[in-house]
Each structure stands twice: as C-alpha cells, then as structure tokens.
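Survey of secondary and tertiary structure
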Amino acid sequence: VAAVLEALEACRATAEDLGAARVLAVATSATRDVDDPGAFLDAAEEVLGVRPRTISGLEEARASYRGVLAGTGFAPPLTVVDVGGGSTEIVSGGGPEPERVLSIDLGSVRLTDRLLRPLPADPDRLAAARAMAREHFAASGPAEGTVVAVGGTAATVSRLVEGDPRATIGLDDVEAVIARLAPRDVGGIAALGVPEGRADVILGGAIVLAAALAALEVDEFVVSRHDLLDGFAAALAGGQDS
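Residues take numbers from 1 onward in each chain, read along the sequence in its written order. Whole-chain, interface and lining totals are the exception, using all residues; otherwise, since this is a predicted model, local features are given only for residues with pLDDT of at least 70 and side-chain atom pairs are given and counted only at 80 or more. Only hydrogens and water are removed before side-chain values are computed, so all heavy atoms of the structure are retained for them.

Our focus in this paragraph is the pairing of strand β3 (residues 78–83). Each residue is assigned to one of three classes by its accessible area relative to the maximum for its type, calculated with a 1.4 Å probe on protein chains only: buried under 20%, partly exposed between the two thresholds, exposed over 50%. We count a stretch as a helix when DSSP gives it H or I for four or more residues in a row; a strand needs E for two or more, and each element gets its number in order from the N terminus. For β3, the buried fraction is high: six of the six residues fall into the buried class. Burial along β3 is two-sided: Leu-78, Val-80 and Asp-82 facing one way and Thr-79, Val-81 and Val-83 facing the other are all buried. One bridge is not enough; two strands pair if DSSP finds at least two bridges between them. With six bridges joining them, β3 and strand β4 (residues 88–93) adopt antiparallel strand pairing. Paired with Leu-78 across the bridge in β4 is Gly-93. Two elements, β3 and strand β6 (residues 146–150), share five bridges in a ladder whose sense is parallel. In the strand pairing of β6, Val-81 is matched with Ala-149.

This part is about the packing of helix α1 (residues 2–17) against helix α3 (residues 38–48). The geometry of a pair of packed helices is captured by two quantities: the angle between their axes and the separation between those axes. Lines are fitted to the C-alpha atoms to define the axes, a helix being fitted only along its stretch in contact, and any angle between axes, read from their N-to-C directions, falls within 0 to 180 degrees. Their axes nearest at 9 Å, the elements α1 and α3 cross at an angle of 25°. In this view, α1 runs roughly parallel relative to α3, as classed from their interaxial angle. Handedness of the α1/α3 crossing: right-handed. Residue-level inspection shows Val-4, Leu-5, Leu-8, Glu-9 and Arg-12 of α1 in contact with α3, the latter providing Phe-40, Ala-43, Ala-44, Glu-46, Val-47 and Leu-48. Gly counts as polar in this scheme, as do all residues outside two lists: the nonpolar Ala, Val, Leu, Ile, Met, Phe, Trp, Tyr, Cys and Pro, and the charged Asp, Glu, Lys and Arg. Looking at side-chain class alone, the contact of α1 with α3 contains eight nonpolar, no polar and three charged residues. Angles are sorted into four bins: roughly parallel if under 35 degrees, roughly antiparallel if over 145, roughly perpendicular if 65 to 115, and oblique for all others. Left-handed describes a crossing whose near helix is turned anticlockwise from the far helix through less than a right angle; right-handed describes the clockwise counterpart. Whether two residues touch is decided by their heavy atoms; if any such pair falls within 4.5 Å, the residues are in contact.

Written as structure tokens, this is what we have:
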C-alpha cells in the first residue's frame, strides 16, 4: 500500500505539471480481491484528490481493447491479451467494441505467490506452475485476427528476447525467455535488465503469457505499449468515465 501511495503521489504531480483538466483513477485485480478496500481507497483519494474506482475484470478487458485500437492503428479483428499481476484479460472483436471478453484469475504475481517462491523454482514447482496456467486458459481459444499482448509482462518478455526487443515475437521466443529465467534467482533475473519490482514475478508472468498464447492457438503476436490506460484516457477525453 505504501508503495502504491508513493506512486500515486508521483502520478498526481505529473498530472498537475501537465495541466490535466480531469483525472480518473481505476483499481484492478488486487483491489477486487480485498474484502474491504475502503481504507486503501480513502488513502488513495487523499493522495490523488479523486477516489479510484474499482473496475471489474470485464471492464478492464474492454478498456485494454479500446486502448489498443486508440493507440496502435491496428485494424480489427483483434485479440488483446493483458497479463496483469492478479488476472489476465483476453478480449477480441471485429469492430470498435469487443465481442468476446474473458477475465481469468491468474497473473504474474498470483502464480508466483502460489508456486514459484522462492526463486529459482525447482523443476517440480515449475512444472506445477505450467500445469496451473494451462488449466486456467484451457477454454480460451482460438484467437481472432491479430493477437496483441499488452502490459508489463509482455513488454519485459519482449526486451528479454535475446536482448533484442521486437514488436512482433513468437511463442517460441517466450519459451526461450522462460528457459533463461527458470534457473536464476531474483538477483540473477535483475542482472538481465529486468526492472526492480518485476524481477521476482517475470518468470510467472512469462509462464502465464505462454499458456494464454498456446490456448489461443497462435505462434506469433505483437507487443504494444498501448493498453487499458489509453482506453480510459480516450474515454475521459471524450467526456466519459469508462
């Protein structure tokens, strides 16, 4: 909570420096999982000046889809995969609004907490993590149109592909990243250039990403920096809150 509030203070300062006329804050999986998030939301509101709105997994998925459309120029049909910390959203459509939306309660942090701590994970825990991810995504596929992966996990995996970040990477590239990460502890993963705060969960995130892609029956996908933030920003600029 302290780390989040510190980040929100920086966000508020940036918004003020840029002269933002309106501010919208949304809270996702971690806040959805808390029985009584009121104390956190109160503190966040005090820091931000606006109260964060806890959104459902379906709202999160729709915002990711709209963000990709608003920011990338990709034309539908699209399938957007957003691996978060607590959940993964898969959303597809052939037009400006998504037609198929899934929110799956497995993400980089959740899988890591359940099976991969401490790192390096032994072969049994690694196999169990892969099996859990496959089970969660078994009913996901097949994908529709161009597959776009968004969020921190996808961006980090892209940077780890043989040290050569690319916009388009393959499932085999993700598997190669998993093989590089699996024998390393957190320090060893950080030494590969993984940012602080993600080094301990990127192996779990890569496993989740690989399982999602395999279930979607795709060998290649595009990585985009545009995601749910862009979707909500576009809506806010248009006078809406979602």
